[in-house]
Amino acid sequence: MSQNSIPDFFVYGEPVRPLDVGFLHVETVLARSNIHLGQVAAHKHPQMGQITCWTSGSGAYRIEDQTWDFSAPAVSFVPSNVVHGFSIGPGTDAIVVSVADGALAAIAAHSLLPLDRPVFADGLPRHAAWARLAAVLEMIAAEYAEAQAGNDRVLPALIAVALSHIARLSPGVTASAASSDASLARGLRRLADAHFRDNWPVDRYVEALATTPHLLDKAAHAVLGAGVKRVVSERRLLEAKRLLLFTVRTVEDIAYEIGFDDPAYFSRFFRARVGEAPAAWRRKHLLDH
């Protein structure tokens, strides 16, 4: 590993480019096998989320600092800017549905799956939802390939159904909160992504979202499971883990990158939340993976 940043892609292997609000893309993992050769390094997509449904074979799928060893069927949903990658054996394939954030915002109201955090599900191949999910994804792939009139209305509806089946296959996943809470929480998540390095006080997030401290904290707890300060703190911790795991930057450099003036304070912050120092956590996870 020699990179100093985590790569961003449009689809894997292609540079980021501007996306239309309604952008959708459907392909199989095997279709891009000449690029990745079964080893897709850690990367992220800054403007779109992805459904990846494994239809055959086996491998290991990573989201941030978690890895699952899987055999098909398995499925994931990864929102934009979430680090992910995989390694797979010969003959392993999946359908990958990529959806621009603008399109996902409209789909969210019709999906049982919360679209602000990643999810991975496998096992229980006889669960009826696997067959239903496979059927819906086949319909999505056919609609996309045939490009028939009206598919700009049909595809988002089918994607909402696919996401809802993923929710039913994912223990512990609950449906999105009321739309006002969900909208505020998405705004908080977006601002935290942009400003977690800047040490904004809670009032700055409240002002930027044109709400009240009570309403923002209520939405954060309802949708994200934590208060505003904790959401921002967890976003900072996530970035620290990403940089420790997927780059070779020093602990001191990472501390400055995520907004700490004092590397020693960063180490205390990290240890308090993870239970060990940044360097020790990095060594252990690099050995594990």
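Nothing here was measured: the structure is a model prediction, and the numbers come from that model. (Residues numbered from 1 in each chain as written. Predicted model: local features only at pLDDT ≥ 70, side-chain atom pairs only at ≥ 80, totals over all residues. Heavy atoms only, no water.)

### Focus: the packing of aromatic side chains
For the record, the criterion: Note on aromatic contacts: the rings of Phe and Tyr and the six-membered ring of Trp form a pair at centre separations within 6.5 Å, being stacked when their planes are under 30 degrees apart, edge-to-face when over 60 apart, and tilted otherwise. A helix here means a DSSP run of H or I that spans at least four residues, while a strand means a run of E at least two residues long, and both kinds are numbered starting from the N terminus. Relative accessible area decides the class of each residue, using a 1.4 Å probe on protein chains only: under 20% of the type maximum gives buried, over 50% gives exposed, and in between gives partly exposed. Whether a charge sits over a ring comes down to the Lys NZ or Arg CZ being within 6 Å of the ring centre and within 35 degrees of the ring normal.
All chains considered together, the criterion is met by 13 aromatic pairs. With centroids separated by 5.7 Å and ring planes inclined at 25 degrees, the aromatic side chains of Tyr61 and Phe120 adopt a geometry described as stacked. Of this pair, Tyr61 sits in strand E4 (residues 58–63) while Phe120 is found in strand E9 (residues 119–122), placing the two residues 59 residues apart along the sequence. Centroid distance Phe260 to Tyr265: 5.6 Å. Interplanar angle 55 degrees. Geometry classified as tilted. The class of Phe260 is buried, set by a relative accessible area of 4%. Judged by its relative accessible area of 46%, Tyr265 is partly exposed. Aromatic rings pair up to connect Trp54, Tyr61, Trp68, Phe70, Phe86 and Phe120 into one cluster. For Arg236, the ring lying beneath its charged end belongs to Phe260, and the centroid distance is 4.6 Å.

### Let's talk about the environment of Leu191
Note the threshold: Contacts are residue-level and defined by heavy atoms, with any inter-residue pair within 4.5 Å sufficient.
As for its position among the elements, Leu191 is in helix H5 (residues 179–195). On the basis of relative accessible area, Leu191 is assigned to the buried category, the value being 11%. C-alpha separation for the pair Leu191 and Ala147, spaced 44 residues apart in sequence, amounts to 36 Å. Apart from residues no more than four positions distant in its own chain, Leu191 is found in contact with Phe196, Trp200, Tyr205, Ala208 and Leu209.

### A few points about the pairing of strand E7 (residues 84–88)
Applied cut-off: Strand pairing is defined by DSSP finding a minimum of two bridges between the two strands.
The element E7 is extensively covered by neighbouring structure, given that 4 of its 5 residues are classed as buried. Relative to E7, strand E2 (residues 39–43) runs antiparallel, the two being bridged by 3 bridges. In the strand pairing of E7, Val40 is matched with Phe86.

### Description of helix H3 (residues 128–146)
Given 3.6 residues to a turn, an α-helix orients residues that are three or four positions apart in the same direction. Here is the rule we go by: In this scheme, a helix's expected span is set at 1.5 Å multiplied by one less than its residue total. Directions drawn from the helix axis to the C-beta atoms are what define this arc.
In this model H3 runs 27 Å from its N-terminal to its C-terminal C-alpha over 19 residues, within 8% of the 27 Å that 1.5 Å per residue would give. Taken as a whole, H3 has its buried residues at Ala129, Trp130, Leu133, Val136, Leu137, Ile140 and Glu143. Take H3 and look down its axis: the buried residues cluster within an arc of 150 degrees, on one side only. Exposed and oriented more than 90 degrees from the buried face of H3 are Ala131, Glu138 and Ala145. Buried residues along H3 sit in contact with strand E1 (24–28), strand E3 (48–56), strand E6 (74–78), strand E8 (93–100), E9 and helix H4 (151–168). Note on H3: the residue one or two positions beyond its end, Ala147, has a positive phi of about 50 degrees.

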